[in-house]
Amino acid sequence: MQIAIKGHGKPILFVHGWGGSIESLTPLAKNLESSHQTITIELPGFGKSDNPEPDWGVEEYAQEIVNLLKVHKVRKVTYFGHSFGGELGIYLAANTKLIDKLILCNSSFKRTGRKSILARMYHYLFPNNNPPFKMILYRILFRSSDLAKFPHLEQNFRKIVKQDLTNLLEKINVKTLIIWGAKDSITPVSWAYELHEKIKNSELEIVEDARHGLPLRQPELVAKLIESFV
């Protein structure tokens, strides 16, 4: 797993979403290097990092973050997680003492059980196809899907999308900032209000006209929100 540590001061850990890399949140981290130690990482299976074991889910990814920080002798961090990175932050905040403050940005955490329109169309048209044929069709018809983009993580992805962390929210006791793009179509803004309701001592910042890629597209704005919070 890749890691980059810059700056000085209290550490802030930046964890990217599914499909990201160590570069995804680097522009955001650079805005805070002058006042904090910034730690950006690259999760297994993405960028230049080694692939995880096929049975890895949320718990295993989270434990890998704990192991990495132990190696670098980092004991407490402010944790910033975007999308899947936020999901890992929820797990860590509820189950470890690693996190001093938690920042969730357009975070995944719950499962509705609903299939996307593309997935419903695919299963309607090809209900009995074999797995290799399925992946070929995904690459042709649904090139933007996570399965098509990262076929080497298919087993991990299928496990993760079945893991709902809603029951962990009430276990989070650390001060939490929730940042959300109002026009997010991947993790809807209603999830932000649910997080705010269920996480004690949480604050909510809704950014109008922003979508799921908020911290990637508006790093300066997000950095200002982080600076005010920490």
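Computed from a prediction, not measured in an experiment: that's the story for all the values here.

A few words now on the pairing of strand β4 (residues 77–82). Summarising burial for β4: 6 of the 6 residues are buried, a large majority. On β4, burial covers both faces: V77, Y79 and G81 on one face and T78, F80 and H82 on the other are all buried. Inspection of the sheet shows strand β2 (residues 11–15) paired to β4 by 4 bridges, in the parallel sense. Within β4, the position partnered with F14 by the bridge is F80. As paired strands, β4 and strand β5 (residues 99–105) are joined by 6 bridges and run parallel to one another. When the bridges of β5 are listed, F80 appears paired with I103. In this view, the connection linking β4 to its parallel neighbour β5 by way of helix α3 (residues 84–95) has right-handed handedness.

Here we take up helix α2 (residues 58–71). End to end, α2 covers 20 Å across 14 residues, agreeing with the expected 20 Å (1.5 Å per residue, within 8%). Of all the positions in α2, only V58, Y61, A62, I65, V66, L68 and L69 are classed as buried. Projected down its long axis, α2 shows its buried positions confined to an angular sector of 165°, all on one face. Residues of α2 that are exposed and point over 90 degrees away from its buried face: K70 and V71. Elements in contact with the buried residues of α2: β1 (2–6), β2, β3 (37–42), β4, α3 and α7 (154–160). Just downstream of α2, K73 is the residue with a positive phi angle, here 60°.

Take the environment of C105 next. Along the polypeptide, C105 turns up in strand β5. The exposure class assigned to C105 is buried, which follows from its relative accessible area of 0%. Taking the C-alpha atoms as reference points, C105 and I179, separated by 74 residues in sequence, lie 4.7 Å from one another. Setting aside residues no more than four positions away along its own chain, C105 makes contact with F80, G81, H82, S83, I179, L214 and P215.

The space that makes up the second largest pocket amounts to roughly 160 Å³. Residue lining of the second largest pocket: K10, P11, I12, H36, K76, V77, T78, D100, K101 and V230, and that is the complete set. Listing elements by their share of the lining of the second largest pocket, those giving two or more residues are β2, β4 and β5. Taken together, the residues of the lining of the second largest pocket break down into 4 nonpolar, 2 polar and 4 charged.

A word on helix α10 (residues 219–229). Note that an α-helix has 3.6 residues per turn; residues three or four places apart therefore point the same way. Here α10 has its buried residues at P219, V222, A223, L225, I226 and F229. Within α10, the buried residues cover an arc of 160° as seen down the axis, which keeps them to one side. In α10, the exposed positions that point more than 90 degrees away from the buried face belong to K224 and S228.

Neighbouring strands of a sheet are bound in pairs by backbone hydrogen bonds; such pairs are parallel or else antiparallel. If you walk across this open sheet you meet the 7 strands as β1-β3-β2-β4-β5-β6-β7, and the pairing is mixed. Strand pairing shows two members of the sheet lacking a second neighbour, β1 and β7 (202–207), which therefore form its edges. Strand-to-strand twist across the sheet, computed as the mean angle between neighbouring axes with direction ignored, equals 15°. As paired elements, β5 and strand β6 (residues 175–181) share 5 bridges and run parallel to each other. Across the sheet, residue C105 finds its bridge partner in β6, namely I179. Of the strands in this sheet, β5, β6 and β7 are in contact with helix α8 (residues 189–198), which crosses β7 at around 165°.

Ranked by internal contacts, the top residues of the largest apolar core, which has 44 residues, are Y61, I65, Y79 and L88. Only β2, β3, α2, β4, α3, β5, β6 and α8 provide two or more residues apiece to this core. Core analysis: the next-biggest nonpolar cluster, separate from the first, contains 19 residues, I103, V207, A210 and L214 among them.

Conventions adopted
Residues numbered from 1 in each chain as written. Predicted model: local features only at pLDDT ≥ 70, side-chain atom pairs only at ≥ 80, totals over all residues. Heavy atoms only, no water. Buried < 20%, exposed > 50% of the residue type's maximum accessible area, 1.4 Å probe, protein only. Helix = DSSP H or I, 4+ residues; strand = E, 2+ residues; numbered from the N terminus. Pairing = 2+ DSSP bridges. Right-handed = clockwise from strand over helix to strand, strands pointing away. Expected span 1.5 Å × (residues − 1). Arc of directions from axis to C-beta. Contact = heavy atoms within 4.5 Å. 1 Å grid on protein atoms, 1.4 Å probe; cavity = no way out; pocket = protein on both sides within 12 Å on 5 of 7 lines; lining within 4 Å. Points joined across faces, edges and corners; volume = space filled by probe spheres on them. Nonpolar A, V, L, I, M, F, W, Y, C, P; charged D, E, K, R; others polar. Axes fitted to C-alpha atoms, helices over the stretch in contact; angles between N-to-C directions. Core = buried A, V, L, I, M, F, W, Y, C linked by side-chain atoms within 4.5 Å.

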